[in-house]
Amino acid sequence: MTAAATPAVPRLALIGIFGGLFAGYLGLTAVLPVLPGFLRDRHDAGDLVVGLVVTVTAVTALLVRPVAGALADRYGHRTVMLTGALVVAGGGLFYFLPLTVPVLVAVRLLLGAGEAALFTAGAVWTVALAPHHRRGQLIGLYGMSMWGGISAGTFLGATLQQVSFTAVWALAAAAPLLAAALVAMVPVPHRDPAPTPAKGGGGLLLRPALLPGTALALGAAGYAGLAAFIVLHLDARGIGSGVVVLSCFSAVYALTRLVIGHLPDKLGPRRVAAWSAAGEAVGLVIIAVAPNLPVAVAGGVVTGIGFSLLHPSLALMVMNRAEPARQGAAIGAYTSFWDLGLAVWGPVTGLVAATLDYSAVFGVGAACAVAASVMAVWIGRPAIDPGAARPAGRETEARAA
């Protein structure tokens, strides 16, 4: 296909989708730095209750993502993404009420369902709109919109807390309403009804998502260890400044997607996923043995470069393996493995740190990243129909993936 014949990216649509995701996550995460103090001040809650209220959204997000993807396949991406934004806005309005802790837990569960619908429908919508040669890149940029909303939301929430809790609740409700407006402005062209999908597994067991999702969950081990223990690890080694390493990781993570986010499309998702996971492993090993801050920062940079492209590469493999009628369900199931990975590796890395040491946490993360790299290579070689002609070059890999 010539450059002139290559379909253009519908920029207005992507602005609405990316902006909607950013605004939705801004509202979702504005309350995160505020809830612990609010629970202690207003409800005299202990650490267990605080941890439950803050993290319980992951439960419904994990369960709802595959369902939200399937609903997007059936009823349309905009409908499900808009519904998710409105659910998140409604959850934000509930914060204004004098809620008991059990009711607040129920509200947080509702917000998890809204977040799952918002993210999953938008992810599949992005892929559906993107030219084939830019799908991996746009998946990466879509993820950056989420992380940008998370960063801005936590910053603004902590800032508005100095004013009042009410100001934070207002942002938690208003930002998702803005998200709904942005999503609603995206025109949806007429499309034929989706074909009835073939029968198969559901939820996390949806076949196209199972192995790439497992690789993603393995890759999440390194991120869980880094986020939880980099500060304590460097303090224990007499280095300190763990926040600097984490900040460098985050900055490089975003910069990598901006600069080389096209590599999964250009080189093939299997190859990029394998090298990305291997790069994550190398970076984690460097952090584990770092004798000083510059080496630790170098490890954070290498980890950030590798981890940044792992998710979009594996997501592209899922999309390539799923039949069109089930791509929403597949990407929803795949994303659920991220929630599952964090839910598993959070306590596991804590146990490793308690029984061994902090360096072992990064060693475990590196081992899991190596396993993810091996799995990525393995996933990319499914059985090929012997009656089909074998394409050449990197197109072979794209179709096999």
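Reference entry: report on the structure contained in this document. Every value quoted in this text rests on a predicted model; they were computed, and no experiment measured them. (Residues numbered from 1 in each chain as written. Predicted model: local features only at pLDDT ≥ 70, side-chain atom pairs only at ≥ 80, totals over all residues. Heavy atoms only, no water.)

The grouping of Leu12, Ile15 and Met185 at the surface amounts to a nonpolar patch, some 300 Å² of accessible area in total. Counting through the fold element by element, Ile15 comes out in helix 1 (residues 11-29). (Patch = residues over 30% accessible without salt bridge, like charges linked within 9 Å, V, L, I, M, F, W, Y side chains within 5 Å. Areas by Shrake-Rupley, 256 points an atom, 1.4 Å probe, with all protein chains shown as cover. Salt bridge = Lys/Arg side-chain N within 4 Å of Asp/Glu carboxyl O. Helix = DSSP H or I, 4+ residues; strand = E, 2+ residues; numbered from the N terminus.)

Attention now moves to the layout of surface pockets. The calculated volume of the largest pocket comes to roughly 1,500 Å³. Trp147, Ile150, Tyr223, Trp338 and Leu342 are the residues nearest the centre of the largest pocket, which is lined by 40 residues in total. Element by element, the count of residues in the lining of the largest pocket is highest for helix 7 (residues 135-160), at seven residues. Tallied by class, residues from the lining of the largest pocket come to 24 nonpolar, eleven polar and five charged. (1 Å grid on protein atoms, 1.4 Å probe; cavity = no way out; pocket = protein on both sides within 12 Å on 5 of 7 lines; lining within 4 Å. Points joined across faces, edges and corners; volume = space filled by probe spheres on them. Nonpolar A, V, L, I, M, F, W, Y, C, P; charged D, E, K, R; others polar.)

To continue, consider the pattern of salt bridges. In the structure shown here, the tally under the stated rule is two salt bridges. Note that Arg65 and Asp339 form a salt bridge whose closest N and O atoms lie 2.6 Å from each other. Remark: Asp339 occurs in helix 14 (residues 327-355) and Arg65 occurs in helix 4 (residues 57-75); sequence separation between them is 274 residues. Judged by relative accessible area, which is 12%, Asp339 ranks as buried. Via salt bridges that share partners, Arg65, Glu115 and Asp339 belong to a single interconnected network. (Buried < 20%, exposed > 50% of the residue type's maximum accessible area, 1.4 Å probe, protein only.)

Relative to the 42 Å expected for 29 residues at 1.5 Å per residue, helix 13 (residues 293-321) spans 42 Å between its end C-alpha atoms, a close match to the ideal helical length. The largest bend in helix 13 comes to about 25 degrees, at Leu310, with the proline Pro312 one to four residues further on. (Expected span 1.5 Å × (residues − 1). Bend = angle between axes of the 7 residues up to and from the residue.)

Before going further, it helps to examine the packing of aromatic side chains. Following the criterion strictly, the structure yields 16 aromatic pairs and no others. A ring pair is formed by Trp147 and Tyr253, whose centres lie 6.1 Å apart and whose planes are at 75 degrees; its orientation type is edge-to-face. Taken together, the residues Trp147 in helix 7 and Tyr253 in helix 10 (residues 242-260) connect sequence positions 106 residues apart. Trp147 sits in the partly exposed class, given a relative accessible area of 24%. By relative accessible area, Tyr253 is classed as buried at 8%. An aromatic cluster of three or more residues is present, and its members are Trp147, Tyr223, Phe249, Tyr253, Phe307 and Trp338. (Phe/Tyr/Trp six-rings, centres within 6.5 Å; stacked < 30°, edge-to-face > 60°.)

A word on the packing of helix 9 (residues 207-236) against helix 15 (residues 358-379). As a packed pair, helix 9 and helix 15 sit with axes 8 Å apart at the nearest point and diverge in direction by 160 degrees. One way to sum up the angle between helix 9 and helix 15 is to call them roughly antiparallel. Considering the relative orientation of helix 9 and helix 15, their crossing is left-handed. Of the residues belonging to the contact of helix 9 with helix 15, the class tally is 20 nonpolar, seven polar and no charged. (Axes fitted to C-alpha atoms, helices over the stretch in contact; angles between N-to-C directions. Parallel < 35°, antiparallel > 145°, perpendicular 65-115°, else oblique. Left-handed = near helix turned anticlockwise from the far one by under 90°.)

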